[in-house]
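Notes for the structure review
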Amino acid sequence: MAQSDVDVVVVGAGFAGMYLLHELRKTGFSYRVLEAGDDVGGTWYWNRYPGARCDVSTTDYQYTWDPELHEQWQWSEKHAAQPEILRYAQFVAKKHDLYSGIEFNTRVNGAQWNEKTKRWSIHTSTGETITCQHYVMATGCLSVPKEPDIAGTEKFTGNVYVTGRWPHEGVDFTGKRVAVIGTGSSGIQSIPHIADQAKELVVFQRTPNFSMPAFNGPAPQYRVERLKADRATYEREARYSGTGVPLEDSTVSALSVTQEEAFAMLEEAWQKGELLSLGNTFMDSAINRKANDVVAEFMRMKVRSVVKDPEVAELLSPYKHGYGTKRPCMDTGYFETFNKPHVRLVDLNTQPIRSITETGIDFGNESKEFDAIVYATGFDAMTGAIVNVDIAGKDGVTLKDKWENGPLTYLGLTSVGFPNLYMITGPGSPSVLSNMMVSIEQHVDWIRDTLVHMREKGFDTIEPTPLAEEGWRVHCTDCADITIFQEANSWYMGANVPGKPRVMFPYIGGVGRYRMACEEVVAKGYLGFELASGDKKQCNDGLVREVQPDVDMVLDFISTLNLPAMETMSPAEARAFSEASSAMRPSGPEVGEITDGVLQGADGNLEYRLYRPATPGPHPIAVYFHGGGWVFGSHTSDDPLCRDLCAQSNTLIVSVNYRHAPEVPFPAAAEDGFAAVKWVHANAAALGGIPEKIAVAGWSAGGNVAAVTAQMTRDKGGPQLSGQLLLCPVTDGSQQHASHRENGERFILTKSLMEWFWNHYATPEQRKNPQASPLLAASLAGLPPTMLVTCQFDPLRDEGNAYARALMQAGVQVEHVEARGHIHTSITMVDMLPSGAPHRRAMAQALRGFFQK
Ligand code: N01
């Protein structure tokens, strides 16, 4: 007789539930494992449609927790077909006696949390109620087929099949007239097989999909060899990789090579027959539309090379979504199928289905009879299997209600208000954007370790805090925001199910980075969780990820380079180093014209670079001062940012090479700034600018020069400025603000580097002069409208914030943006850090605004 009260109830006996069962036994928890089907295998139990295969190689799509399996089980192919994967699941279940621990044909209909007893009550389809301390949903991401949303589906009297619920005995389509609706992975895999049998096949396509041939055959030799040579390293690399499969991260931008070179690189990946290698050919295809277009065009070229009828080829070629933004597919002869005379493609965009009828389908202005209709229309992905169960947490609130506007989880594992509820590969975790085997094992390990930890420390409950959950939501959104994934109507975005909220369901920050976040949470005493037992509580509340994800990646990359600290260099070395780093960055957008010249500074000529918009002039002018701590940099060193500002604001930018310390210290830079503005004003017309529309702009030390220049023009008789744009400006030489301590170590501009800059530029006494520290000016009244951007993780944040406040108090019109998750340098990194783009847009908008008055 099964126990009605256990430590853990697990729902689902796919690869997640099976491994968890094994671990629960090993660690001595009592359990019940409930499975709706009558065998193990989960997705591979249900999806038996012809042609179903895994498109991750068998070298990677297998358990790692039982090393014996690698000897005992030999895969026959690179991309295993469904029957073989199911046999693998059965083999593991037999080997580890898992069958004895699973109750089949048992669904969970509802679950309620009891706040008094601190236990879940689980109601099953057999009429039983089981109580448990921990409740684990191992229900899979793609397990609930989408409800048909086509008129008349109930009318059809012929045979109806759904790919995700395929009859176990198989289907014979020989001599039949068959309709397939849907061209996602399931459609694309099954269509060639159905075509082989059917007398006539009509494929109803709403959206064409990207697909590459699977090149079925033996497992890739180079992977097999790497595994044999050092399995542990291979598996570790997989766990910390972007997708759960070891791949070398690309460092090549698709925009840095010719189309011919790009296609040659893509062809190499194509020939490998690995879906992930293709998507990994370029570093920027997921974040940059133009880079993505290179891959998309390569894929379309491939379609054209196979499909003989150019019109059909065109219909089968995706144009409306980027490569990878809807799940790309792997096929075996899919496009070739459309060369067969008995196969027809119907484009639902021009010939929509009017209704399914008793005998067939009415579409466009046609009516066609069919013997069978196959729905390959997808799943209520990620959340369907979770919210379909009536799960009520604290105060009776259901998960369905809580998630009305999109799933809210902490780490994709847990949710506020639902103590001791765990989701394996839940929304907010890499899940469907990863090799599921790697993600499943990670979640099972995390849950097992957490349960053991709670038992050892005597805690009854674990629940994330609202702060941590909201922080994770923001982080997930930040990750999605830097990609182009949100442009597509994909099931990743919930867009395939009418009424489903449109958010990015999986975590797109990468498997390895996600794993590190989970590890950090544990290492910091379950950061963001409350663990409790009666009155005993432990809660280290906080956010596990705050830095913008792309900024984080850059910081990680820089830390691997072991670069010497700049402040240990001489100014000449620091200048050479800074120039060398600048040479590696993307150049920034095109502008109308770039010319170099000299202008009259405070004590001799200064070089300048002029960026002219492509539109007809004359244009307003921004006199720009570069960053570099008054020590390094030049009129060309902020080139990408100047181009970006010019192109986006339609403003002529004059970037000035003011004199540098230590050779020429304070107040040379400030005096040059003032002199440059006067010169630009006097020569504005000749430059193609408007003399009455001049602003100053600058970043970092250049922001300091811009701010001081604005004060000097106010105090010394003009010219009258239209505005000042200050990005992370230095405003106070005292360096006493809290941000110097908080952000002084990790974020490129360090406290000691800032000190090094100041030491070269100005003596402690000079720093008290407002021309060095504009925050110390006796009055800020009468300064021009200001756009001031500060960054959360900048040591200079608080002095910038203080300047913004002081300007406002002095009656100056100020737009102040605090760039969340950014560091001192990140907003200047044009085309490298997409998260900076909205702030650059706002800066350009502000520039435009200055001149509209
Ligand atoms: O489902 P899908 P799937 N009228 O949602 C169309 C995994 N998987 O079962 O794109 C007409 O991708 C819909 O059109 P549109 C894999 O992660 C893995 O194929 O919404 N058409 C689309 O063409 C995969 O991504 C493997 O415009 C309608 C199709 O139906 C995920 O499962 C194999 C429609 C649905 O495609 C889901 O794949 C199989 C309507 N009303 C699956 N509604 C491997 O590992 C939907 N469509 C190999």
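Residues numbered from 1 in each chain as written. Predicted model: local features only at pLDDT ≥ 70, side-chain atom pairs only at ≥ 80, totals over all residues. Heavy atoms only, no water.

As for the sheet that holds strand E24 (residues 619-625)
To keep it simple, the criterion reads: Whether two strands pair comes down to DSSP finding at least two bridges between them. Under the scheme used here, helices are H or I runs from DSSP no shorter than 4 residues and strands are E runs no shorter than 2 residues, and both carry numbers assigned from the N terminus. What counts as an axis is a line fitted to C-alpha atoms, over the stretch in contact for a helix, and the angles between N-to-C directions run from 0 to 180 degrees. Between two residues, a contact is recorded if the distance between any of their heavy atoms is within 4.5 Å.
Taken together, the eight strands give an open sheet; going across it, the order is E22-E23-E25-E24-E26-E27-E28-E29, and neighbouring strands pair in mixed fashion. Of all strands in the sheet, those with a lone pairing partner are strand E22 (593-601) and strand E29 (814-819), marking the two edges. Within this sheet the neighbouring strands show an average axis-to-axis angle of 20°, counted without direction. Here strand E27 (residues 723-727) pairs with strand E28 (residues 786-791) via four bridges, running parallel. Directly across from Leu725, in E28, lies its bridge partner Met787. Sheet contacts for helix H20 (residues 639-649): E22, strand E23 (604-612), E24, strand E25 (652-656) and E27; angle to E23, the most-contacted strand, approximately 50°. Across the sheet, helix H21 (residues 668-682) touches E22, E23, E24, E25 and strand E26 (689-699), and the angle it forms with E22 is around 115°.

Structural notes on empty space enclosed by the protein
In plain terms, the rule: Of the grid points, spaced at 1 Å and generated over the protein atoms alone, those admitting a 1.4 Å probe that cannot get out make up cavities, while open sets with protein on both sides within 12 Å along at least five of seven lines make up pockets; any residue with an atom within 4 Å of a point is treated as lining. Grid points are joined across faces, edges and corners, and a volume is the space filled by probe spheres set on the points. Polar here means any residue other than Ala, Val, Leu, Ile, Met, Phe, Trp, Tyr, Cys and Pro, which are nonpolar, and Asp, Glu, Lys and Arg, which are charged; Gly is therefore polar.
Within this structure, the stated rule accounts for seven cavities of 30 Å³ or more. In this model, the largest cavity occupies a volume close to 150 Å³. Around the largest cavity, the lining comprises 18 residues; the ones closest to its centre are Asp60, Gln62, Thr64, Glu235 and Val438. Those elements giving two or more residues to the lining of the largest cavity turn out to be helix H7 (231-239) and helix H15 (436-457). For the lining of the largest cavity, a count of residues per class yields six nonpolar, six polar and six charged.

Things to note about the domain arrangement of the protein chain
To keep things clear, this is the line we draw: Domain extents, as shown, originate in an automatic or database domain assignment. Accessible area that two parts lose when put together, evaluated with a 1.4 Å probe and summed over both, is termed the buried area. Salt bridge, as used here, is a side-chain nitrogen of Lys or Arg placed within 4 Å of a carboxyl oxygen of Asp or Glu. As used in this structure description, the phrase polar contact means that two N or O atoms lie within 3.5 Å; if the pair is within protein, one of them must be able to donate a hydrogen and the other to accept it, and residues adjacent in sequence are counted only when both atoms belong to side chains.
Taken domain by domain, the protein chain holds domain 1 (2-141 + 379-538) and domain 2 (552-849). Here the C-alpha centre of domain 2 lies 49 Å away from the C-alpha centre of domain 1. Of the residues lining the interface, four residues belong to domain 1; the matching set on domain 2 comes to six residues. Both sides together, the interface formed by domain 1 and domain 2 hides about 460 Å², and carbon and sulfur atoms give 51% of it. Of all residues in domain 1, Asp478, Ile482 and Arg513 bury the most surface against domain 2, accounting for 84% of the area lost on that side. A salt bridge links Arg513 to Asp556, with the nearest nitrogen and oxygen atoms 2.8 Å apart. On inspection of domain 1 and its partner domain 2, the count reaches two residue pairs in polar contact (both at pLDDT 80 or more).

A closer look at the site of the ligand
Here is the rule: In this text, near means that some heavy atom of the residue lies within 4 Å of the molecule or strand in question. Computed by Shrake-Rupley with a 1.4 Å probe, the accessible areas treat only the displayed protein chains as cover when residues are assessed.
The immediate surroundings of the ligand are formed by 25 residues, with Arg53, Lys146, Asp149, Ser186 and Thr207 found nearest. Asp55 is positioned such that a nitrogen or oxygen atom in its side chain is 3.3 Å from an oxygen atom of the ligand. Interatomic distance of 3.4 Å between a backbone N/O atom of Gly184 and an oxygen atom of the ligand. Relative to its free-state accessible area of 910 Å², the ligand is covered by the protein chains to the extent of 90%. Among the elements that take part in the shell around the ligand, helix H5 (residues 185-197) stands out by supplying three residues, more than any other.

Notes on the layout of surface pockets
Roughly 440 Å³ of volume is contained in the second largest pocket. Glu248, Lys272, Ser277, Asn280 and Thr281 are, among the 17 residues lining the second largest pocket, the residues nearest its centre. Counting residues per element, the ones that place at least two in the lining of the second largest pocket are helix H6 (221-229) and helix H8 (259-272). Sort the elements by how many residues they give to the lining of the second largest pocket and H8 lands first, with four residues. Broken down by class, the residue content of the lining of the second largest pocket amounts to six nonpolar, five polar and six charged.

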